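Tertiary structure, described
Chain by chain, the residues:
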Amino acid sequence: MLHSVHDAGHDPGFTDILAPAASHLSLSTCSESTSSKATCSESSDEDKRRSQKIRPAFVAIAALMIFQVALICWACVPIPHESSKISIFSPRGTFVTNQVLAAFHCCCALGFCFIWRRMSHVPMLLSELLVYVMSGWSFWLLGAALSLTYLHGFPMAIQIAVMSLQGFSCACIEFCFTYLLQIRLSLLEKGFGSCMGVQVTRRIRLFTMTCQLTFVGLGAHAEAINAQKALDWSYAAFHLIAAVGVLGILIVSAKAILSLTNAMREVPVPKQSFAKLEKDWSLNVLKRMAAAVLVSGSVSIASHLFCMHAILLVHGGFRPLLGTAYHVADIVAELAGLVFIVGILRPEMPDLLPPEARSMRGASRLLEECSSESVLWNAKVQELAHRSIDLESLLDFYEKLGSEVMKHFDPQVSTTADVVRQAVIPLSRVGNGGVAYTDYLVMAGKPSRQMPDCMVTHTWSSLFLHLVAAVVSDALELDEYHYIAAKISEGKLATIRHRLVEKGVLQNRYWICCFCVNQHASICNGVGKAPGDPAALARWERNRRDTATGHLLSFCTCSEPKVLNDQPDRCELNKFHVMMLWLQRSNPKFRQLVAVDCDFSVFERAWCVAELVAAHNAKMPQSVCLSCNKAFDLDAEDLSIYGKLTNLSVANSLSSRPEDKEMVLSQISSVPAFDAELQLLIFGNRGLLKQKFFGFDSLIPAARTARRLCRIATQNNIV
């Protein structure tokens, strides 16, 4: 801190250049890499770019460090006719002390560069800390320079000039500290979308800086006319203004964070949901921010006030010693606070821990069930497991739509249910009966009785175009299918086939229920009886009409015996989860693909949810293919998808056949525990959408989470 000119020689100094780095946070939707090799290559390139950005600063700071050590060694060499013992109160002792403290700042800067050299977006975050650290370094360096002017008897004009630079540097250190607080408030303001006091903070900083520089000028004038008392009061006022400025910004920051946390606490969210953990995480981030600001700001204020005490009431050699101690405490406290405020040390995004008792029966139980059931049950499981369709056959089937079969097929309107009713079922009819479409391919000479490498979980209410595009995108290692869907709808199937052949995946085999289940043994003759519930009746009415034309469907008239839940051993509709586990045991490469429709209805279907959680509990490899990742941007304006996913419950799931939903619910011991598992599956760190909600800094995601939850609560989407 600053004292009178006679004691200032024992104080730190500052550089005449201050260039705070503008904080810029980039929030984007992270998506899975298109291939593991590409991921490694991109990660390696990114590490190299980060290292290249940090290396110049690292080299420059190391050179300064070497220079500091050389100066310290030089200062410790005794001068002839002078005592070899260096007193801490002498100009030479003050010079060494300031150089040691400046070297400490260099060490801190080098440490930051080394520790965070590979962290994402560190060059941006690190620059903010380095500005403050190196400002303190130059502050101590000017203090050493001032001691040098006393040691060698430089003219008074030079001493006053160095002292003025020292005063300017002290003002700039606080200016830099409060600048970083202002930047963080601007992030909260941007994320939450309402005023957080950024303009007030800016005015306080500029007013404080102006007043401090005014008192530095008055102190220089007092030194020039040798008015010691005026000099002391000038620097006492300097520190008082600094303390008041930090206090004002501390109040504004605390008020902003408090308003945000209060808004968050008032938002009701389901207990067993990712929204609850996001809320808790955001509150934790804001609490850490508040604690860092409060502690560092309070210590800074106390240091300035104690410096006033040292200037006005302490005399003799202890005055500079106390001032230096107070200043060290101030910088250490502010630096520790900035490590958290800047965002480099931050709590991780939440992860949902699985409940102690699994709500769905896990892999070992399912496998035990598979082996303990009747011979007919096990035979049907293995029969289902040996059905699959390759990409070539899938594309061949798609090419028939609109020409050989289902003449009115519209890729932008026709759903999977439409295609099953009017293409899959007619093509798989054999005489008076029928078979699964994959068995029809076997009869046509295709090798379709093979185990698949991937099971596709999807909903029949989505466009059939999107189902095909999702499967093709998965084979091409893409996690979005809108590009492939556009190519298919444009009729560029030849181009897609060529890409699949080049990649060697045209023969990849998938288990897709609409092709691998014998529809003639279950649903081909109708959509069941009309339900009494109005909502279910509306769905039933939609299911009996073609989506493109609105006409009533013509159902199959085959005489194939219908085998439903009343014959559990022979039924093909109640064994999907068991079949998945059997395939996982039999095929080490087996995995699950979730083809997510644009409305995310796949997470609302009873059987889809059961498949998802069964695979998740069994630690089966899972991947998700979305139409587009934009729905998961933290700043997305349309929050309907987020509200839907955070409100999911298996109790509200849908099923075309009520008995299917009853069977799924019968296997669930606790609906709340199952819902927690489902939230883990979708949002957890090991979940399907694990990368969709992560930002590169903690404050702006926390603020946007607060804004998102508040908006959803306002729209009554969270109950």
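Each chain carries its own residue numbering, running from 1 in the written order of its sequence. The predicted origin of the model limits local features to residues at a pLDDT of at least 70 and limits the giving and counting of side-chain atom pairs to 80 or more, whereas totals for whole chains, interfaces and linings rest on all residues. Values reported for side chains reflect all heavy atoms of the structure, with hydrogen atoms and water molecules removed beforehand.

This next bit is on the pairing of strand β6 (residues 591-595). Under the scheme applied here, a residue whose accessible area is under 20% of the maximum for its type counts as buried, over 50% as exposed, and between as partly exposed, the area being computed with a 1.4 Å probe on protein chains only. Put simply, DSSP marks the helices as runs of H or I at least four residues long and the strands as runs of E at least two long, and each gets a number from the N terminus on. Among the five residues of β6, four are classified as buried, and the element is accordingly described as predominantly covered. Where strand β4 (residues 454-457) and β6 come together, four bridges link them in parallel fashion. Across the sheet, the residue bridging to C454 is R591, located in β6. Where β6 lies against strand β7 (residues 622-625), four bridges are found, and the strand directions are parallel. Opposite V594, over in β7, you have V624 as the bridge partner. We call a crossover right-handed when, viewed with both strands directed away from the observer, the connection leading from the first strand over the helix to the second proceeds clockwise. Of the crossover connections in this fold, the one passing from β6 over helix α21 (residues 606-617) to the parallel β7 is right-handed. Note: two strands are recorded as paired if DSSP finds a minimum of 2 bridges between them.

With that settled, consider the pattern of salt bridges. Definition used for salt bridges: Asp or Glu carboxyl oxygen within 4 Å of a side-chain nitrogen of Lys or Arg. Under the defined criterion, the tally for this structure stands at 15 salt bridges. Between R497 and D396 there is a salt bridge, with its nearest N and O atoms 2.6 Å apart. One end of the pair, R497, is in helix α17 (residues 493-503); the other, D396, is in helix α12 (residues 391-400), and 101 residues separate them in sequence. Look at R497 and you get buried, because its relative accessible area is 17%. Its relative accessible area of 24% is what places D396 among the partly exposed residues. The salt bridge involving E541 is made with R545; its shortest N-O contact spans 2.7 Å. When its relative accessible area of 26% is taken as the criterion, E541 is described as partly exposed. Each of the salt bridges in this network shares a partner with another, and the network as a whole consists of K380, E383, R387, D439, R449 and E572.

Another aspect to go through is helix α13 (residues 416-427). When you tally the buried positions in α13, you get nine out of twelve residues, the bulk of the element. All of the buried residues in α13 are T416, D418, V419, V420, R421, Q422, A423, V424 and I425. Buried residues in α13 make contact with α12, β2 (429-430), α14 (437-443), α15 (464-475) and α18 (513-516). The contact definition used throughout considers only heavy atoms, calling two residues in contact when any of these lie within 4.5 Å.

So, about the nonpolar core. The term nonpolar core refers to a set of buried residues drawn from Ala, Val, Leu, Ile, Met, Phe, Trp, Tyr and Cys, joined through side-chain atoms within 4.5 Å. Judged by nonpolar contacts, the single largest core of 61 residues is most densely connected at Y132, L188, F192 and L260. Secondary-structure elements contributing two or more residues to this core are α3 (91-115), α4 (122-151), α5 (156-192), α6 (198-224), α7 (228-265), α8 (274-313), α9 (318-342) and α25 (699-714). For this core, the element with the highest residue contribution is α5, accounting for 14 residues.

What follows covers the packing of aromatic side chains. Two rings belonging to Phe, Tyr or Trp (six-membered ring only in the last case) form a pair when the distance between their centres is within 6.5 Å. Interplanar angles under 30 degrees mark stacking, angles over 60 mark edge-to-face geometry, and anything in between is tilted. Within this structure, the stated rule accounts for eleven aromatic pairs. Measuring from ring centre to ring centre gives 6.4 Å for F600 and F603, while their planes differ by 25 degrees; the resulting arrangement is stacked. Each member of the pair, F600 as well as F603, is classed as buried. Members of the aromatic cluster, connected to one another through ring pairs, are F397, Y398, F409, Y437, Y440, F464 and F515. One residue, R205, lies across the ring of F175, its end atom 4.0 Å from the ring centre. Taking NZ or CZ as reference, K575 lies 4.2 Å from the ring centre of W377, over its face. The criterion for a charge sitting over a ring is simple: Lys NZ or Arg CZ within 6 Å of the ring centre, and within 35 degrees of the ring normal.

This brings us to the environment of I183. Within the secondary structure, I183 is located in helix α5. For I183, a relative accessible area of 11% corresponds to the buried category. Once the C-alpha coordinates of I183 and T201 are considered, the two residues, 18 residues apart in sequence, prove to be 9.9 Å apart.

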